Structures are given as C-alpha cells and as structure tokens.
Amino acid sequence: MPTTPRHATRAWAAALAAAALVLTVTACVPEPGPSGSAAPTTTTGASPSASPSTSSAAPSPSATPSPTAAAGDISLPSSCEQIYSAGMLATLNETTPPLNDPGVTLLSTQISEALEVLDAAPTIRCSWGTPSESGLATNVTIVDAAQAAAVQTGLANAGIGCESTLGGTLCAASTQSLTLDNVLVTRGETHFLRGNGWVSTSWISIDPEGYTPDIVSTLWG
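Computed from a prediction, not measured in an experiment: that's the story for all the values here.

Participant: Is there a simple way to think about the nonpolar core in this case?
Facilitator: A general trend in soluble globular proteins is that nonpolar side chains are found buried together. Formed by 24 residues in total, the largest nonpolar core has its most connected members in Tyr84, Trp128, Tyr211 and Leu219. When contributions to this core are tallied by element, the ones reaching two or more residues are helix H3 (86-95), strand E1 (123-128), strand E2 (135-142), strand E6 (197-204) and helix H6 (211-220). The greatest single-element share of this core, amounting to five residues, is contributed by H6. With residues up to four places along the chain from it excluded, the contact list for Leu219 reads Ile74, Pro77, Gln82, Ile83, Val140 and Val199. Among the nonpolar cores identified, the runner-up in size contains 15 residues, and Val143, Ala158, Ile160 and Leu193 belong to it.

Right, dumping it as structure tokens:
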C-alpha cells in the first residue's frame, strides 16, 4: 500500500483490538442492495433545420457528460477477481492464498459508521488467507453522496488521516500490539473514496505493497 497517514486514535485502536480475527465471510457475489450507478446520460442540441439557408447550419452541441459520470462512478464488480490487475491477483494467489476461504471472517473495517454503510449498500467482499492470526479483507461498495459523507465522518471521528490522491480520497491508519505470547501484531485499515465507489480494506500482518492503488487502477482505469 502507498505511504499514507497512519495515525489511529485510541478509540480506533481499541476497536481493532476488540475485533475478532475471524468472522464468517460472505460469498464472493454482490450483496443485495440498491442498484449501481445509473448509465451516464448525454444532452444534445436541436437538429439543424432541413430548409435551405444562406448561412451554414450551426453544429449540434457536443455530448455533455452527466455530473455522475464526471465524478468517476464505477459499476459493482461481479467477482473478486475483477477488482485486481492480473499481476496483483497472481501475487496474492502465490503469497496469501486462498481467495475467500469460508473460515475467514475478518471485516473490512471496524468503524461503526462505515459498518452501517456496508450493511445498507451494494457491496462485494473479498478475503485472503486462512483462518489464523493474520488476514486481509476488502469490500468494494457502491455508495451515494450521503453514504460517502457518513464514511468520511466516521473515519475522521476515529482519527484516521486522509489525503487527496489517485483522483479521490485515501485514508489509512495502523496500530501495533503484543499478543499474550509477546508476538508483535500490526493491523490497519485503508479506505479509498471516489465518485460512487468506496474501497475498504482491513488487514492483520498482511499488507501487500501497492494493494489499494492496484484496485483503484483496475476499477477506475
């Protein structure tokens, strides 16, 4: 993942520490919810008059992208394989298999406001690894403006730093803790919002380099 602000507040760290390392993973299919973004619409001017005229007919205005399209909207992927580049997918299959083990139940966020949006919006969840003390879980979610604002408010309240990059907003934070066996465990969250898309990732001791930027490049181009 790219170098981003990673200064979580105590409240966020406590939420991560209290979270179970395994929960039940949903199938890798879009969850029920409102349909994705509407197809972009265009507007054109009136057709030139067919009757002869001493002046040349004025050209029709060029198609104008709708505000939704201009915001960089995406469609909800139908499978987890569609959110990664071929290179990243091959790397994850080699280093952190398998994809969507049913025993991995790590959530892609521990922020309460964000979890409420995940429960209400169309989303697809993808996890990597086996049930253990490490793992990685990502959701790609279609959100409206109010839901995106709720996510950003929750991240700000949790003290997760954000920056403008990759055409959107990238937020990240990480914490470290010791297990009862004095093993140092690093865990964190990364969130990216752009247009109608929200990519949320939670990880424990697995932080593949370039992970979120790869998803952004694959989904938004």
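Participant: Before we go on, may I ask you to explain the sheet that holds strand E5 (residues 184-194) in this structure?
Facilitator: Note: strands within a sheet are paired through backbone hydrogen bonds, in either parallel or antiparallel orientation. Ordered by their spatial adjacency, six strands build an open sheet running E1-E2-E6-E5-E4-E3, and the pairing between neighbours is antiparallel. Because the sheet does not close on itself, it has two edges, and the strands there are E1 and strand E3 (161-165). Ignoring strand direction, the axes of neighbouring strands in this sheet form an average angle of 15°. In this structure, strand E4 (residues 168-178) lies alongside E5, joined through 10 bridges in antiparallel fashion. Its bridge partner being in E5, Leu170 is matched across the sheet by Phe192. Most of the contacts of helix H4 (residues 112-120) go to E6, to which it runs at about 120°, and overall it touches E1, E2 and E6.

Participant: How should I be thinking about the packing of aromatic side chains in this particular structure?
Facilitator: Any aromatic ring pair is given by two values, namely how distant the centres are and how the planes are angled relative to each other. What the rule picks out here adds up to three aromatic pairs. Consider the rings of Tyr84 and Tyr211, whose centres lie 5.7 Å apart with planes at 55°: the pair is tilted. Of this pair, Tyr84 sits in the loop between helix H2 (67-70) and H3 while Tyr211 sits in helix H6, and the two are 127 residues apart along the sequence. Here Tyr84 falls in the buried class, since its relative accessible area comes to 4%. Judged by centre distance (5.4 Å) and plane angle (75°), the ring pair of Phe192 and Trp220 falls under edge-to-face. Here Phe192 is found in strand E5, whereas its partner Trp220 is found in helix H6, with 28 residues between them in sequence. Relative accessible area serves as the criterion here: at 0%, Phe192 is assigned to the buried category. Taking relative accessible area as the criterion, Trp220 reaches 14% and is therefore assigned buried. Through a chain of ring-to-ring contacts, three or more aromatic side chains come together here, namely Tyr84, Trp128 and Tyr211.

Participant: For this particular structure, what's the right way to read helix H5 (residues 145-157)?
Facilitator: Residues separated by three or four positions in an α-helix point in the same direction, a consequence of the helix having 3.6 residues per turn. Its 13 residues give H5 an end-to-end C-alpha distance of 18 Å, which sits within 8% of 18 Å, the value for a rise of 1.5 Å per residue. Here H5 has its buried residues at Gln147, Ala148, Val151, Gly154 and Leu155. For H5, the angular spread of buried residues about the axis comes to 125°, placing them on one side. Turned more than 90 degrees away from the buried face of H5, the exposed residues are Ala145, Ala146, Ala156 and Asn157. Close packing links the buried residues of H5 with H4, E2, E4, E5 and E6.

Participant: Even after reading the chapter, I still don't get the state of the cysteines, so can you show me in this structure?
Facilitator: When the sulfur atoms of two cysteines share a covalent bond, that bond is a disulfide. Inspection of every chain in the model, using the stated rule, returns two disulfides. Each sulfur in the disulfide pair Cys80 and Cys126 lies 2.1 Å from the other. Note on the Cys80 and Cys126 pair: the S-S dihedral is about -100°, so by sign convention the disulfide is left-handed. With Cys80 in the loop between H2 and H3 and Cys126 in strand E1, the pair connects residues that are 46 residues apart, well separated along the chain. An identical accessibility class is assigned to Cys80 and Cys126; each is buried. Between the sulfur atoms of Cys162 and its disulfide mate Cys171 the distance is 2.0 Å. Looking down the S-S bond of the Cys162 and Cys171 bridge, the torsion is 105°, so its handedness is right-handed. Overall, Cys162 belongs to the partly exposed group, its relative accessible area being 38%. For Cys171, a relative accessible area of 0% corresponds to the buried category.

Parameters at a glance
Per chain, the residues get numbers from 1 upward, laid out in the order the sequence is written. Given that the model is predicted, a residue must reach a pLDDT of at least 70 before its local features are reported, and side-chain atom pairs must reach 80 or more before they are shown or counted; all residues, however, enter totals for whole chains, interfaces and linings. Hydrogens and waters are ignored; side-chain quantities use all the structure's heavy atoms. Working definition of a nonpolar core: buried Ala, Val, Leu, Ile, Met, Phe, Trp, Tyr and Cys residues. They are joined through side-chain atoms within 4.5 Å. Think of it in three bands: residues with accessible area under 20% of the maximum for their type are buried, residues over 50% are exposed, and the middle band is partly exposed, with areas taken using a 1.4 Å probe on protein chains only. Only DSSP runs of H or I covering at least 4 residues are called helices, and only runs of E covering at least 2 are called strands; the numbering of each starts at the N terminus. The criterion used for residue contact is that any of the two residues' heavy atoms lie within 4.5 Å. Strand pairing is assigned whenever DSSP detects at least two bridges linking the two strands. Here an axis means a line fitted to C-alpha atoms, over the contact stretch when the element is a helix, while the angle between two N-to-C directions is reported on a 0 to 180 degree scale. Aromatic rings from Phe, Tyr and Trp, with only the six-membered ring used for Trp, were paired whenever their centres fell within 6.5 Å, and each pair was classed as stacked if the ring planes differed by under 30 degrees, edge-to-face if by over 60, and tilted otherwise. In a helix, the anticipated span is given by 1.5 Å times the number of residues less one. The arc in question is the one spanned by the directions pointing from the helix axis to the C-beta atoms. The disulfide criterion used throughout: a pair of cysteine sulfur atoms within 2.5 Å.

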